[in-house]
Amino acid sequence: MIFDKIHQFNFPTTIRFGAGAVKELPPYLSKNQLKAPLIVTDPTIAELPFFKSIIEDLRTKNISVEVFSDIHKNPVKSDVYKGTDAWDATHRDSIIGIGGGAALDVARAIVLRVNHREDLFKYDDLIGGDIYVTNDVPHFITIPTTSGTGSEVGRSAIIADDETHQKKILFSPKLMAQVVFADPELTMDLPPFITAATGMDALTHNMEAYLAKNFHPMCDGIALEGISLIKDSLERATNKPDLESRSKMLMASMMGAIAFQKGLGVVHSLAHPLSSLLDTHHGLANAVNIPYGMQFNIAGFEDRFKKIARTLELKEENGETVVKYLFDLNTKVNIPHKLSDIGVKNEHIETLADLAYADFAHPNNPKPVSREDFKQLYLNAL
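Residues numbered from 1 in each chain as written. Predicted model: local features only at pLDDT ≥ 70, side-chain atom pairs only at ≥ 80, totals over all residues. Heavy atoms only, no water.

**Considering unusual backbone geometry**
Worth spelling out the cut-off: Where helices and strands are cited, they refer to DSSP runs of H or I of at least four residues and of E of at least two residues respectively, numbered from the N terminus. Remark: exposure states derive from per-residue accessible area (1.4 Å probe, protein chains only) relative to the maximum for the residue type, with buried under 20%, exposed over 50%, and partly exposed in between.
The peptide bond linking Phe11 to Pro12 adopts the cis configuration, its omega dihedral lying at -5°. Inspection of the secondary structure puts Pro12 in the loop between β1 (7-10) and β2 (14-17). Its identity as a non-glycine residue notwithstanding, Gln33 has a phi of 55°, on the positive side. Its place among the elements puts Gln33 in the loop between α1 (25-31) and β3 (37-40). With relative accessibility at 67%, the residue Gln33 sits in the exposed group. A positive phi angle, near 55°, is found at His91, a position not held by glycine. Residue position: His91 is located in the loop between α3 (77-90) and β5 (94-99). The class of His91 is exposed, set by a relative accessible area of 65%.

This is the structure:
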C-alpha cells in the first residue's frame, strides 16, 4: 500500500510523508546540529503517550528538550509572549511545533517573535506588517497531529487579541517550516469528534479556496483533489479509521492549506467569531456553517459548483446537491446542523455579525458579503 512507506515532496517545503515519518526527527536534528529545541504543543497532546514517546526518543539521543504547552485552544497574543519567555529562559536553538492548528500557530508566532520584539500585532499582515519581518528566524519544524488546518505547510499564524478577540494574521515566507514530518500514525487515535471537526475544516479550506475570487488555477487543481480525497476518507476516518483513510485526510489537510493561499471566504468569516467570542472549536464552527455559506454562494457561480459536484461524484451536478451533500456528511460524522446546538443564542447574533463583517476572510469570497448578509446567515443556521 502506498501509505505504508515514507515519501518526500518538496512543495511548498520539504515534506516527509508516511507512517513512521516522525522517527526521522532525532537524526534530522543531529544532522543539522540542533541540540536544544523548544517543543510547542497544547496541554492535551502534552499528556498523550505518543508525545511522551517522541520526547523520550529525543532525550535518549542526548537532545535537550523544553516543552511549552500553556496555550489556549483558540490562541491569543499572551500565549506567544509566554512561549517566547520560555525560549529566552532555556536558551533554545530551534522550534518544533507538534499538534493541530492552535499549537502550530503559536509555534510559528514564537518563531517570528524570537528576533522581532516589537508589539506582536505590528506584524499583522492585514496592515502591511509583513514588511517588518526582516530578521532571521530560528530553525522551524512542524509535526501535525490532526488533519484540519494544514498549518504545518503554512506561512502564517492566526492569533487573537486577548481583549478584543479580533484575530490577526502574522505572515512571512520566513515562517515556513524547513521540514514537515507528516506521519498519519500520529492521527490514528484521534477521537471521532476531533476527526470529524478537523476534517470538515479541511473540506472548508478546499471548497472555499476553489471558490475564492482570486485567479490561481494551480490552487484550484489542488483544492479539487483535496475535496476528492476527503470525499473518499472522512466518514471512514471518523467512524472506522484505518491507515489509508487517515493518510488521505492528512494529505487533504495539507492540500487545503496550500490551496487557500488563493483566499478563503464567507464560511471562515462566519466561523472565526464563534471561536473568538464563544471559544467554539474552529473546525466545528466551520462544519456547522459550511452548508449555509455554500448556499449563499451558489447564485452566479453555478459553473464552479458544477465542478465541485462532479468531484464529489454527485448524481446531479449543481450547487443544491453540494449543499445537501454537506448536510448529509455532517450527519454521518455526528456534526450538528444548527448553531443553537453548539451554544449560540439569539442574543449573540448582533455581535457575531459585527465580528464577521470585520473579519479578514470574506473579501476573497466570490461575491460580496454585507453585515446584513452575515446576520441573516447566522439566523438561518440558528
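**Overview of the side chain of Thr41**
The following threshold applies: By the criterion applied in these results, polar contacts are pairs of N or O atoms within 3.5 Å in which, for protein atoms, one can donate a hydrogen and the other can accept it, and in which residues neighboring in sequence qualify only through two side-chain atoms. By the convention used here, residues are in contact when the closest approach between their heavy atoms is within 4.5 Å.
Structurally, Thr41 is set in the loop between β3 and α2 (49-60). Reaching out from Thr41, the side chain makes a polar contact with the backbone oxygen of Ile98 at a distance of 2.8 Å. Filtering out sequence-adjacent residues up to four positions away, Thr41 remains in contact with Ala46, Phe51, Val67, Phe68, Ser69, Ile71, Ile98 and Ala103.

**Quick word on the domain arrangement of the chain**
One widely used convention gives an interface's size as the accessible area the parts lose upon coming together. Applicable threshold: Each domain's extent is set by a domain assignment, obtained either automatically or from a database. Values labelled buried area give the accessible surface lost by two parts on being combined, using a 1.4 Å probe and summing over both. By salt bridge we mean one thing: a side-chain nitrogen of Lys or Arg within 4 Å of a carboxyl oxygen of Asp or Glu.
When cut into domains, the chain gives domain 1 (14-187) and domain 2 (192-381). Every contact between the two is made by 25 residues of domain 1 and, on the other side, 26 residues of domain 2. Summed over both sides, the interface of domain 1 with domain 2 buries roughly 2100 Å², with 67% coming from carbon and sulfur. A per-residue breakdown of the area domain 1 buries against domain 2 is headed by Phe17, Ser147 and Lys167, which together make up 24% of the total. Inspection of the region where domain 1 meets domain 2 yields 0 salt bridges. Inspection of the region where domain 1 meets domain 2 yields 10 residue pairs in polar contact (both at pLDDT 80 or more).

**Details of the pairing of strand β6 (residues 139-144)**
What counts, and what does not: Paired strands, in this sense, are two strands between which DSSP finds at least two bridges. Handedness of a crossover is defined as follows: orient the strands so they point away from the viewer, and if the path from the first strand over the helix to the second runs clockwise, the crossover is right-handed.
With 6 of 6 residues buried, β6 lies mostly within the body of the structure. The side-chain alternation of β6 yields two buried faces, one formed by His139, Ile141 and Ile143 and the other by Phe140, Thr142 and Pro144. As paired elements, β5 and β6 share 6 bridges and run parallel to each other. Residue Ile98 lies in a different strand from β6, and its bridge partner there is Ile143. This β-α-β element, β5 to helix α4 (residues 101-114) to β6, shows right-handed connectivity. For β6 and strand β9 (residues 179-182), the ladder comprises 2 bridges, and the chain directions are parallel. The residue of β9 that forms the bridge with Thr142 is Val180.

**Let's talk about the packing of helix α6 (residues 217-239) against helix α10 (residues 302-311)**
Note the threshold: Axis geometry follows a simple rule: fit a line to the C-alpha atoms, using only the stretch in contact for helices, then measure angles between N-to-C directions, giving values from 0 to 180 degrees. The cut-offs work like this: below 35 degrees is roughly parallel, past 145 is roughly antiparallel, 65 to 115 is roughly perpendicular, and the gaps in between are oblique. Left-handed is the label given to a crossing in which the near helix is rotated counterclockwise from the far helix by less than a right angle, and right-handed is the label when the rotation is clockwise. Classification used: nonpolar for Ala, Val, Leu, Ile, Met, Phe, Trp, Tyr, Cys and Pro, charged for Asp, Glu, Lys and Arg, polar for all others including Gly.
Following both chains from N to C, one finds α6 and α10 inclined at 40°, their axes separated by 9 Å at the closest point. When the interaxial angle is binned, α6 and α10 end up oblique. For the element pair α6 and α10, the recorded crossing hand is right-handed. For the pair α6 and α10, contact is made by Asp220, Leu224, Ile227, Ser228 and Lys231 and by Arg304, Lys307 and Thr311, respectively. Class assignment of the residues belonging to the contact of α6 with α10 gives a composition of 2 nonpolar, 2 polar and 4 charged.

**Describing the packing of helix α5 (residues 192-211) against helix α11 (residues 319-332)**
For the pair α5 and α11, interaxial distance at closest approach is 12 Å and the crossing angle is 165°. Between α5 and α11, the crossing angle belongs to the class labelled roughly antiparallel. Crossing handedness for the pair α5 and α11: right-handed. Residues Met200, Leu203 and Met207 of α5 pack against Val322, Leu326, Leu329 and Asn330 of α11.

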